[in-house]
Structure formats: C-alpha cells, structure tokens
Amino acid sequence: MPPPETRPLYAFFISGTDTNTGKTVVTAALLRALRTAGLAAQAVKPVQTGISPAETLISPSSDAFAYKEAVADIPPVPALCPAAILHCFTLPASPHLAAAEEGKHLRAARLCHDIRSHWQREKTADLLLLESAGGISAPLNATEDMSDIAAELDIPVVLVCPNRLGSLSHVFRALAALTEKGLIPAGVVMTEAASTDGRPTPARILEDNLEMVRGRLRLACPDRPVPLLALPRLPKGADFWKRAAALLTPLATELGARRRRDAPGLVSRDHAALWHPYASALEPPPLEVASRSRGNRIILENGRELVDGMSSWWAAIHGYNHPRLLEALRRQAGRMPHVMFGGLTHAPAVELAEGLVRRMPEGLKRVFFADSGSVAVEVALKMALQYQQGRGRTRRTRFLAPYGGYHGDTLGAMSVCDPVTGMHSLFADHLPRQIFMERPRCRFDVPFDPACLDEARHILKTRGEEIAAVILEPVVQGAGGMWFYHPDYLRGLAELCAASETLLIFDEIATGFGRTGKFFAAEWAGVSPDILCCGKAMTGGLLTLAATVCTEEVASGICGGGRVFMHGPTFMGNPLACAVALANLGLFEENRWQTLVTGMQEALAQGLAPCRDLPDVADVRVLGAIGVVELRKSVNTAALHGFFVDRGVWIRPFNRLVYLMPPYTSPLEDVVLLCAAVHDAIAGGLHKSAC
Ligand SMILES: *Cc1c(COP(=O)(O)O)cnc(C)c1O
C-alpha cells in the first residue's frame, strides 16, 4: 500500500533520449531558475549509478554535486537541501545492471514508494525535479524502464535531447515512448552538441531540428503548446549556472505554474453531463475518478490505489494494461484500425474465428462477431428463429429460459432475463412473451437431484411446438444472482432439447475464458449446445467484442435454399478488437491460467469462510475465480462503496450479493485483502440500510 497522501506530489520527471544528453545540466539549471523565482525546489536522483554511497553529495561526478553547485551562490531555502539521492550503486552502468551487481532488484513500484515517502518527509519542498538514470527507456528490470516511474507517479516529463546531426530519430522515439505510457511532455530542451565526429553541428541543422521537433510536439499535444527550448553550449565559468538558468527560465515559469489541482471537478462535470449504469441522472450514485490502471490495481485521480476485485465486470482477466494485449492493439492500430466487414475480410478476424473454434465445445464451427454481449444474445435468438423458419417450423417463435437468468439489456435479450430482476414490468407491453421455468435449483456441490428437470421436461413435452430454443447460462447464473448449479442439469436438459427438436443456446458471456475453472463452463457437463455466446473477457478487458458461434447444422438450416442471416453490425469484426482478442487467446495457450484460477479458488474459499459465521449471511459459495457472499437482505451499496474505497479495494455489491471475481493474475495476498474487506464490512454492519 502506498503511504497515505497527505499532500499531492508536485514533481516533474527530467529524462532524456539517451544517457549523456545534458539532463543533469538542465535539471540543475532548472533548479536554480525555480529557486530564483522563489520556489522551494529540490533536485532528486531516485537512482544514481557510478558513485559509492559515501560520496553521493561530495564526489564531483555525482549529479547531486552539480545540483548543489548550481545554487551555491543564491540564498538557500531553510531546512531544504537542494539535492537528494535515494538509491546509489557503485558500478557505472544501466540501473538494472548496477543494482544487480549489488544483489538488488529495482522495481518501479518500490522506487515510487520511496519518492512519495521522500516528498512527505521534505515538508518544506514545493516541487521536486526527479532526474532519471539514463534515457527514458533505460531498463529498471526485465519488463520495466524509466518511463514506468513517471507513469506510476503520473507526472509530466521534461525531455532533454542533444541537438546534432542524427538526433531527430531519437527524439521522436522518446516522444513515442511517452505516448505509449500515457505521459505528457511538460517541455523539451535541446542541448547543442557536437556531431559524432566531434565537429560542431552547423546552425542550419540545429535550427531545422528544432523546427521538426516543434512540428511533432504540435501533433502530440494539439491542445496545449509544449515549451521547446534550445540550450546552446555555454563557456564553463563563474556565471555558467546563472546563464543556463536564465535560458531555462521560460520552462521553469511554466513548471512552477502547473501545480496539480486538488479538485479537478470531474465528478461534478460528470453529474451534469453523464449517465452511469442502472443509475439516476438526477440523484447520481457515489463516483470515484479513475485515472490509471495497472496489473490488478485501479489508480484514482487523488493517487489512491484500489485492489481490483471485479475485473471490470468479468473482463480484465489478465489484469489491466497487459503488455501483450497493448502490443497487439498498437500494432493493429498502426496497420488498419477498422474496415467494414461487408465484402471485406482480414487476418485478425479469420485467425480469431479459427482460434475460437479450436477452443469451442465440439461441433460449434461458425462464428458471428457482435459488438457486445447483448448483441451476441440478440444474434443467437435471431439465429434460432431463422433456423426454425428455415425448417418450416414457423410456430416455434418463443424461448424457454430459467428464472434467475441474465442475458443483457436490449429488448430481445431482456425478454429472456429473469422477469423480476430483469424488470419486465417496466417494458411489459414491448417485450416478446417468453416461457420461464424454475431455476436449476440443485447446487453445484451436492449430489444431483433429477427432479430439478421435471418442469423443463413437462414444458418441452406440452409446449415444445412453440419453442425455438432454450437459452441459459451454463453452471453459473451471473448477474441474476451469482448462483452455481449442478452440471448434470445441463446434460439432462440437452437430452430433453434434442428429443423435442428445440435448439439449446448457452450464454457463456460471463463464464467463458476460464472464470469457472474450465475454459467454457459447458465443459463441466461435457455438453455442446447448438449456439454459444461469448464476450466480456474475450479481449481481456480492452475493447468491446462478442461472438455467437453455432453448429454447421444451425448454419445450414438458416442459409439453406439461398437464404441469408439477417444481421450485420457496423463495427462487425473490428480489426483492433479481433487482434487484441487473438492475443488474449495466445495468453491462454501458455496454460498457466488453470493454476492461477485453482489457486484463487482456494484463496477465495479460505478468505470468505469466516463470513459464514456472520448472522446476516445466508450463504457463502466459491467456484473457480468467483467468490460470493449472499446476505439475507439487500445491501446498502452506497455505504459499502465508501467503506471499500477507504480500505483500498474495488468491490461492487448488488442486491443481496457481495461478490469477488478478481483478475486471475492477482497476487494471492491481494485476494486475502479483498476477502478480509468483505468480511469486515459485513461484520461491521455496513451492509445494513441507513434507515
Ligand atoms: C454481461 C452479460 C451479457 C451482456 O453483455 P454486454 O456486453 O453487457 O451487453 C449477456 N449475458 C451474460 C451472461 C452476461 O453476463
């Protein structure tokens, strides 16, 4: 956990296109310019290499020496040293190597923690200039680099680049590295440098370089001009720092004026302009402002970090900002973000369809891409209707669904949701009337009771001629109550459907992609439906994409005799979403997910077990990476919201349910934390309504 933010960090990251770009001179000169302007600035080197710890402030080759020298002749700030070094390694090498040499391992999270603690300690400092060790992409370890420090602190970056023949390529790369991490350049300083052959760079080239960089900055930040300064070579002498600081004063003024505002006002602007899921526009529910995400964490605008227990509604299964998924997104964005799917096809769609079919239960062969889960359900319903029509069974126009189901919010999907929790009464005259049966009442973890199927058997026998298909969520009923039922129910139901020539549709939008411990929940029963819908986790939580997959039998029933299937979303088969979904499938190939989900199942079962002893708890159940605490009455979601955010966790209860479905990649100690928060909230009575 980060230390509580008693005052928001006000800092800039000074980095370069490379090592030896003049970063230290720029940092020291900015320090002087800021102090001259009356700001209590401090220059900090989070990691210094090539200096022994005893010499950090005295060795002339330490950057701290330059910082101190730059302000030696101006009045000091009481109780604030101009320079600080947080970690120091003797080997003059890239930070990862210098640290490894001393048996240490650098991590962005740890360094940021140290920087924040330092900021809280240095109470008299107004502003920190954090100078990176090496260039913006210098590695901290196998997966992180300097830019991750700026990203994790979420602070603007001043980029220092040598101005010489051949430097443009480096500047553009460094700017791209910032964009990749969602970072904003606060300014660019181009330091005049000799060409690689040692000769001075001709003025014509110096000027043109500046002009080219100015153009790129306009492209990168169209709304706000980014200061671009040239720092010429200055003779070393008594007033070197004075002159350098004077040249950088325009940038220092800009930095000094950019103190992060405490209240960005996003919540009130949101209240005026936006609507949230299942919410009132007039009495808006409590809101947090999310500004970054990383791994299993959501980072709020105020710097608070929340451990995610929701995977953003079943979607972010591998955690947020997964590098492989982001990589796939960027690569496809650079190539072709979107083209219409009518009359055109592309590799991401074809490869994804093939990959999905390989993973599908036996027999499901033909993929229709939709843009959300609800649309995938609409597509499945239309497929079933067109199939029955194609077969000449025109009276089969209804659907049979169990109570307690959830299939989405569009009209067709809503018509097969639980009639009570799905709010059918609000839209009664506009919803097709479907047939409902008892929910699969036999628990997942007790011996199967065949009597559960009696009602399904009776309805299919007496009214089968009206029914196009049975639709349900296999094994786990999600938003309709987080209910886990026995897989044998599905085996029995599949037989009943086959006997009455009714199609069987599995809605695996929530259960697909490993959440229950099997890739698809259908695998618990070894049953193949005629149509399967998937979505939610399909792109690992990056973009919206869903699919409806059917058997060749269904496809030929629909399309026999020259007929076509009548559906075609504008963004069908969107290449960006398909490319990310394909990379998401690739992550499953590595096969570690099963171990992760099994580990999480154990951690959830253990962590939530103490909830059983609480008087208001009706049931505790865990399956795969889903943990559910069911209460006897509806919970007070607003009170729980506040409690959970204060505890540093992100959990959103609904109705009588407080449940967890963390990203599979969550560290188990975070799962323990989530479970403890759920327990303590209920033990403390926060779930009870205020009245
Ligand atoms: C979420 C969900 C849907 C709807 O998906 P959207 O992408 O929200 O439209 C449909 N069925 C099930 C089982 C779901 O969990």
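Now for a quick tour of the structure. As a convention, each chain's residues are numbered from 1 in the sequence order in which they are written. Residue-level local features of this predicted model are given only where pLDDT is at least 70; pairs of side-chain atoms are given and counted only at 80 or more, and the full residue set underlies all totals for whole chains, interfaces and linings. Only heavy atoms go into the side-chain values, all of them from the structure, while hydrogens and water stay out.

Here we look at the overall build of the protein
- Think of it this way: any DSSP run of H or I at least four residues long counts as a helix, any run of E at least two long counts as a strand, and we number them from the N terminus. Looking only at helices and strands, one finds 21 helices and 23 strands in the protein.
- Along the longest, intermediate and shortest principal axes, the C-alpha atoms of the protein span 100 × 60 × 50 Å.
- Relative to its 691 residues, the protein shows a buried fraction of 53%.
- Taking the contacts inside the protein whose residues are at least 6 apart along the sequence as the reference set, 74% of them involve residues at least 24 apart.
- Of the side chains in the protein, 69 bear a positive and 70 a negative charge, and the two mean positions are spaced by 3 Å. Relative accessibility under 20% of the residue-type maximum defines a buried residue, over 50% an exposed one, and the middle range a partly exposed one, all with a 1.4 Å probe and only protein chains included. Contacts are assigned to residue pairs with any non-hydrogen atoms lying within 4.5 Å of each other. We count Lys and Arg on the positive side and Asp and Glu on the negative side, and we leave His and both chain ends out. In this description, the location of a charge corresponds to atom NZ of lysine, CZ of arginine, CG of aspartate or CD of glutamate.

A short note on the site of the ligand
- Any residue with a heavy atom lying within 4 Å of a molecule or strand is counted as near it. Around the ligand, the neighbouring residues are S372, G373, S374, Y406, H407, G408, E473, D507, I509, A510 and K536.
- Identification of polar contacts relies on pairs of N or O atoms within 3.5 Å, with a donor-acceptor requirement for protein atoms, meaning one able to donate a hydrogen and the other able to accept it, and with residues adjacent in sequence counted only if both atoms are side-chain atoms. Within the backbone of G373, a nitrogen or oxygen atom sits 2.8 Å from an oxygen atom of the ligand.
- Here an oxygen atom of the ligand and a side-chain polar atom of K536 are 2.5 Å apart.
- Coverage of the ligand by the protein amounts to 83% of the 380 Å² it exposes when considered alone. Every accessible area reported is derived by Shrake-Rupley at a probe size of 1.4 Å, with residue values counting cover from the shown protein chains alone.

Describing the pattern of salt bridges
- Salt bridge, as used here, is a side-chain nitrogen of Lys or Arg placed within 4 Å of a carboxyl oxygen of Asp or Glu. Taken as a whole and judged by the stated rule, the model has 34 salt bridges.
- For E327, the salt bridge goes to R330, with nearest N and O atoms at 3.9 Å. Placement of the pair is E327 and R330 together in helix α11 (residues 323-335), with a separation of three residues, close to one helical turn.
- By relative accessible area, which is 39% here, E327 ends up partly exposed.
- Notably, a salt bridge pairs D616 with K688, separated by 3.7 Å at the nearest N-O pair. Taken as a pair, D616 in the loop between α19 (593-608) and β20 (617-623) and K688 in the segment after α21 (668-683) lie far apart in primary sequence, 72 residues in all.

What about the nonpolar core?
- As used here, the term nonpolar core means buried Ala, Val, Leu, Ile, Met, Phe, Trp, Tyr and Cys residues forming a set that is joined through side-chain atoms within 4.5 Å. F369, Y489, L493, I505, F513 and M538 are the most contacted members of the largest nonpolar core, which has 130 residues in total.
- Residue ranges for the domains originate in an automatic or database domain assignment. Residue-level mapping places this core at the junction of two domains, with at least three residues from each of domain 2 (279-308 + 593-683) and domain 3 (323-589).
- Formed by 90 residues, the second largest nonpolar core is a distinct cluster that contains L31, L128, L130 and L159.

Remarks on the packing of helix α1 (residues 23-36) against helix α8 (residues 240-256)
- Every angle, taken between N-to-C directions, lies between 0 and 180 degrees, and every axis is a line fitted to C-alpha atoms, over only the stretch in contact when it is a helix. Between α1 and α8, the shortest axis-to-axis distance is 7 Å and the interhelical angle comes to 75°. On the basis of the axis angle, α1 is roughly perpendicular to α8. In this structure, α1 contributes V25, V26, A28, A29, L30, R32, A33 and L34 to the contact, and α8 contributes F240, W241, K242, A244, A245, L248, T249, L251, A252, L255 and G256.
- Here the contact of α1 with α8 is composed, by residue class, of 15 nonpolar, two polar and two charged. Working definition: roughly parallel below 35 degrees, roughly antiparallel above 145 degrees, roughly perpendicular at 65 to 115 degrees, and oblique for all remaining angles. Under the grouping applied here, Gly and all other residues not named as nonpolar or charged are polar, the nonpolar ones being Ala, Val, Leu, Ile, Met, Phe, Trp, Tyr, Cys and Pro and the charged ones Asp, Glu, Lys and Arg.

Side note on the sheet that holds strand β5 (residues 157-163)
- Two strands qualify as a pair provided DSSP detects at least 2 bridges between them. Read across the open sheet, the seven strands follow the order β3-β2-β4-β1-β5-β6-β7; overall the sheet is parallel. If you trace the sheet from one side to the other, it starts and ends with β3 (83-89) and β7 (228-231), each paired once. Across the sheet, the mean angle from the axis of one strand to that of its neighbour is 20°, orientation sign disregarded.
- Relative to strand β6 (residues 185-192), β5 runs parallel, the two sharing seven bridges. Bridge pairing links N163 to E192 in β6.
- Seen against the sheet, helix α6 (residues 168-180) touches β5 and β6 and runs at an angle of roughly 170° to β5.
- Contacting β1 (11-16), β4 (127-131), β5, β6 and β7, α8 runs over the sheet at an angle of about 160° to β7.

Topic: the sheet that holds strand β9 (residues 297-300)
- Strand order across the open sheet formed by four strands is β8-β9-β10-β22, with mixed pairing between neighbours. With one partner strand each, in any of the chains shown, β8 (290-294) and β22 (649-650) form the two edges of the open sheet.
- In terms of strand pairing, strand β10 (residues 305-308) meets β22 through two bridges, oriented parallel. Looking at the pairing, V307 lines up with V649 of β22.
- The sheet contacts of α21 involve β9, β10 and β22, and relative to β10 the element is tilted by about 95°.

Digging into the side chain of S415
- Tracing the backbone through its elements, the reader meets S415 in helix α14 (residues 411-415).
- Take S415: its relative accessible area is 1%, and that puts it in the buried class.
- Only 2.7 Å separates the side chain of S415 from the backbone oxygen of G412, close enough to count as a polar contact.
- Residues contacting S415, with those up to four places away along its chain left out, are H424, L431, P432, Q434 and F436.

Some words on the packing of helix α12 (residues 347-359) against helix α18 (residues 575-589)
- Following both chains from N to C, one finds α12 and α18 inclined at 35°, their axes separated by 9 Å at the closest point. Considering the relative orientation of α12 and α18, their crossing is left-handed. Contacts from P348, A349, E351, L352, G355, L356 and R359 of α12 reach α18 at P575, C578, A579, A581, L582, L585, F588 and E589.
- Of the residues belonging to the contact of α12 with α18, the class tally is eleven nonpolar, one polar and three charged. Crossing handedness: left-handed means the near helix sits turned counterclockwise from the far one by under a right angle, and right-handed means the same turn made clockwise.

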